[in-house]
Amino acid sequence: MVGALSPSSRFLAKKMVDHLPLKDANVIVELGPGTGVFTHRIIEKMGKSTQLIVIELNDEFYISLKKQFQHLSNVHVFHRSAEDIPEILKELHFDTTDYVISSLPLAMFPKELARKILDTSKKVLQPQGKYIQFQYSLQSKNALKTVFSNVKLSFTILNIPPAFVYTCSI
């Protein structure tokens, strides 16, 4: 369930979210937040009325995230699978999201599961929305290119291990 040896660095968190105009977003979905490194950065950058949906499957991480963000009415932490994004959005009375920010270790998932998560993420994105994914290798690049028409790649060496950041659009 955990795809990293150590928590992501603040440098990777910046690379993942700082290029996005999160202040203007209505809804943001975060997949596999783990300890919440990116979650904190997203909250720092998003608007006051932006709704953040955090989806974590790991029991310990979920409990920790729930405690960390229980005081924020616009942060919704779910103990569910990334495949459940459409149902979770409906439960909160949303149809789409502006951004899906994913820390899921796609390269470690069975191909069918990774593809289902990518397809589901694309399905719930606004037309101008973006899917942002980090990975420690280029192994998921073809899967992302199969689902998204535009895939941009950046890299940060200031993370252990160094990481690739994909910014994808429909």
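Presented here is an overview of the structure given in this document. (Residues numbered from 1 in each chain as written. Predicted model: local features only at pLDDT ≥ 70, side-chain atom pairs only at ≥ 80, totals over all residues. Heavy atoms only, no water.)

**A look at the overall build of the chain**
The following threshold applies: Secondary structure elements are defined from DSSP: runs of H or I of at least 4 residues count as helices, runs of E of at least 2 residues count as strands, and each element is numbered from the N terminus. It is over C-alpha atoms that the radius of gyration is taken, and the globule rule equals 2.2 Å times the number of residues to the power 0.38. Burial here depends on accessible area, computed with a 1.4 Å probe over protein chains only, as a share of the maximum for the residue type. Under 20% is buried, over 50% is exposed, and the range in between is partly exposed. Contacts are assigned to residue pairs with any non-hydrogen atoms lying within 4.5 Å of each other. Where accessible areas are quoted, they stem from the Shrake-Rupley method and a 1.4 Å probe; at the residue level, only the protein chains shown are allowed to cover. A positive count includes Lys and Arg, and a negative count includes Asp and Glu. His and the chain ends are not counted in either. A charged residue contributes its charge at one atom only: NZ of Lys, CZ of Arg, CG of Asp or CD of Glu.
Assigned secondary structure in the chain consists of 6 helices and 7 strands. In summary, the chain has a C-alpha radius of gyration of 14 Å against a globular reference of 15 Å for 170 residues, a match within 12%. Expressed along its principal axes, the backbone C-alpha trace of the chain runs to roughly 35 × 30 × 30 Å. Buried positions account for 49% of the 170 residues belonging to the chain. For the chain, restricting intrachain contacts to residue pairs at least 6 apart in sequence, the fraction spanning at least 24 positions comes to 69%. Accessible surface for the chain amounts to roughly 8,800 Å². Of this, 55% is attributable to carbon and sulfur atoms. Within the chain, the 15 negative side-chain charges are centred at a point lying 8 Å from the centre of the 20 positive side-chain charges.

**Here we look at the packing of helix 2 (residues 37-45) against helix 3 (residues 59-69)**
Packed helix pairs are characterised by how far apart their axes lie and by the angle those axes make with each other. The condition that has to hold: Axis lines are fitted to C-alpha atoms, over the contacting stretch for helices. Their N-to-C directions set the angle, which ranges from 0 to 180 degrees. Throughout, the term roughly parallel applies to angles under 35 degrees, roughly antiparallel to angles over 145, roughly perpendicular to angles from 65 to 115, and oblique to all others. The hand of a helix crossing depends on one turn: near helix anticlockwise from the far one by less than a right angle means left-handed, and clockwise means right-handed. Residues are grouped as follows: Ala, Val, Leu, Ile, Met, Phe, Trp, Tyr, Cys and Pro are nonpolar; Asp, Glu, Lys and Arg are charged; all remaining types, including Gly, are polar.
Where helix 2 meets helix 3, the axes come as close as 11 Å, and the angle between the chain directions of the two elements is 25°. Comparing their axes, helix 3 and helix 2 come out roughly parallel. Seen from above, helix 2 lies across helix 3 with right-handed handedness. In this structure, helix 2 uses Thr39, His40 and Ile43 to contact helix 3, whose residues at the interface are Leu65, Gln68 and Phe69. Class assignment of the residues belonging to the contact of helix 2 with helix 3 gives a composition of 3 nonpolar, 3 polar and no charged.

**Some points on helix 1 (residues 10-17)**
Here is the rule: For this quantity, the arc is that covered by the directions from the helix axis to the C-beta atoms.
Here helix 1 has its buried residues at Leu12, Ala13, Met16 and Val17. Projected down its long axis, helix 1 carries its buried residues within an arc of 115°, all on one side. Each element contacted by the buried residues of helix 1 is listed here: helix 2, strand 4 (97-102), strand 5 (125-135), strand 6 (150-156) and strand 7 (163-169).

**Some points on the environment of alanine 25**
With respect to the helices and strands, alanine 25 occurs in the loop between helix 1 and strand 1 (27-31). With residues near it in sequence (within four places) discarded, alanine 25 still touches Thr50, Asp98 and Tyr99.

**Notes on the sheet that holds strand 2 (residues 51-55)**
Note the threshold: Strand pairing is assigned whenever DSSP detects at least two bridges linking the two strands.
The strand order 3-2-1-4-5-7-6 describes an open sheet built from 7 strands, whose pairing is mixed. If you trace the sheet from one side to the other, it starts and ends with strand 3 (75-78) and strand 6, each paired once. Ignoring which end each strand starts from, the neighbouring axes of this sheet average 15° apart. With 7 bridges connecting them, strand 6 and strand 7 associate as antiparallel partners.

**Some words on the environment of glycine 32**
One can find glycine 32 in the loop between strand 1 and helix 2. Residues glycine 32 and isoleucine 55, spaced 23 residues apart in sequence, show a C-alpha to C-alpha distance of 6.1 Å. If sequence neighbours within four positions are ignored, glycine 32 has contacts with Ile55, Glu56, Ser103 and Leu104.

**Concerning a positive patch on the surface**
Note the following rule: Two distance rules govern patches: like charges are joined within 9 Å, and nonpolar side chains (Val, Leu, Ile, Met, Phe, Trp, Tyr) within 5 Å, applied only to residues with over 30% relative accessible area and no salt bridge. We count a salt bridge whenever a side-chain nitrogen from Lys or Arg sits within 4 Å of a carboxyl oxygen from Asp or Glu.
Taken together, the side chains of Arg10, Lys14, Lys23, Lys45 and Lys48 define a basic patch exposed on the protein surface. Structurally, lysine 14 is set in helix 1.

**Structural notes on the pattern of salt bridges**
According to the stated counting rule, one finds 6 salt bridges in the structure shown. Residue glutamate 83 is joined to lysine 116 by a salt bridge in which the shortest nitrogen-to-oxygen separation is 3.5 Å. A residue pair is termed long-range when its members are at least 10 positions apart, and glutamate 83 in the loop between strand 3 and helix 4 (85-91) and lysine 116 in helix 5 (residues 111-124) qualify at 33 residues. In this structure glutamate 83 comes out as partly exposed when scored by relative accessible area, which is 26%.

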